[in-house]
Structures are given as structure tokens and as C-alpha cells.
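A structural walkthrough
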Amino acid sequence: MSELLSKLKTSTKTRQTRCGLSLLEDNLDAAEWDQICLIVEDMRNRRAEAKAKGYSCSWLGRILREHGFLISDNTIQRHVRKNCCCE
Ligand SMILES: [Zn+2]
């Protein structure tokens, strides 16, 4: 079976379980990804601290875009609010 054919056959079965932000994990090194996870956790659970540190979805989005990652502030915001497709 060709790779295209196998993808065409499985695409309806595979549910997207990672949003645009989570997919960045594949393109970052472990330390970078860990730091993003910490920032997301702060924004989720420690809002005052996150604010004090200057963390925000638009700030994170800008930094990532400056480094060539095409991600929107909305994608980050949905991930922080757990409104994304991540499990
Ligand atoms: Zn997500």
C-alpha cells in the first residue's frame, strides 16, 4: 500500500489529539518544551504569578513567531484554557 493510500484510509479514524501548541514539542528541544509547559502551567494555575512574570498568550505567541513557529495567540489561549483538542 502506498503511503498516500494508507493515510487516506486512516485519516478519518485518527482523531487529532494535539493542538498546534502541543505539536511544537516535536520541533523544540526538551528544555525549551519544558519551559513552555511551565509557562502554560503558570498561566493556567498561577495567574497572578504569571502576570507578575509578564507571561501572556500574546507574549508567548510573539516569541514563538519570532523564532519561526507559525502559531496564533488564539491557539495558545485555547491550549491554556484547555479548549483545544489535547487530551
Ligand atoms: Zn492543546
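Our structure's up above, just so we're on the same page.
Things to note about the overall build of the chain
The secondary structure content of the chain amounts to six helices and zero strands. In the chain, the order of α-helices and β-strands from amino to carboxyl end is α-α-α-α-α-α. Relative to the globule expectation of 12 Å for 87 residues, the C-alpha radius of gyration of the chain, 15 Å, shows a markedly less compact shape. Each principal axis of the C-alpha distribution contributes one length, and for the chain these read about 55 × 25 × 20 Å. Carbon and sulfur atoms make up 51% of the accessible area of the chain, which totals about 6300 Å².

Quick word on the pattern of salt bridges
Applying the stated criterion to the full structure yields six salt bridges. Between D26 and R18 there is a salt bridge, with the nearest N and O atoms lying 3.2 Å from each other. The partly exposed category is assigned to R18, whose relative accessible area is 26%. A salt bridge links D42 to R46; its shortest N-O distance comes to 2.6 Å. A single network of salt bridges, built from pairs that share partners, joins R18, E25 and D26.

Details of the coordination of the zinc ion
Those protein atoms acting as donors to the zinc ion are C19 (SG), H79 (ND1), C84 (SG) and C86 (SG), and they sit at 2.0 to 2.3 Å. Coordination at the zinc ion is tetrahedral: its four donor atoms span angles of 104 to 117 degrees at the metal. Residue class for C86 comes out partly exposed when judged on its relative accessible area of 23%.

Digging into the side chain of S22
Tracing the backbone through its elements, the reader meets S22 in helix 2 (residues 20-23). Not counting the four nearest positions on each side in its chain, S22 is found in contact with W33, H79 and C86.

Brief notes about a nonpolar patch on the surface
Nonpolar side chains collect at one region of the surface, where M1, L4, L5 and L8 lie side by side and expose about 470 Å² of accessible area between them. Structurally, the position occupied by L4 is in helix 1 (residues 3-10).

Rules used throughout
Residues numbered from 1 in each chain as written. Predicted model: local features only at pLDDT ≥ 70, side-chain atom pairs only at ≥ 80, totals over all residues. Heavy atoms only, no water. Helix = DSSP H or I, 4+ residues; strand = E, 2+ residues; numbered from the N terminus. Rg over C-alpha atoms; globule rule 2.2 N^0.38 Å. Areas by Shrake-Rupley, 256 points an atom, 1.4 Å probe, with all protein chains shown as cover. Salt bridge = Lys/Arg side-chain N within 4 Å of Asp/Glu carboxyl O. Buried < 20%, exposed > 50% of the residue type's maximum accessible area, 1.4 Å probe, protein only. Donors = N, O, S within 2.8 Å, 3.2 Å for Na, K, Ca; no water. Tetrahedral: all angles 85-135°; square planar, octahedral: opposite > 155°, others 65-115°. Contact = heavy atoms within 4.5 Å. Patch = residues over 30% accessible without salt bridge, like charges linked within 9 Å, V, L, I, M, F, W, Y side chains within 5 Å.

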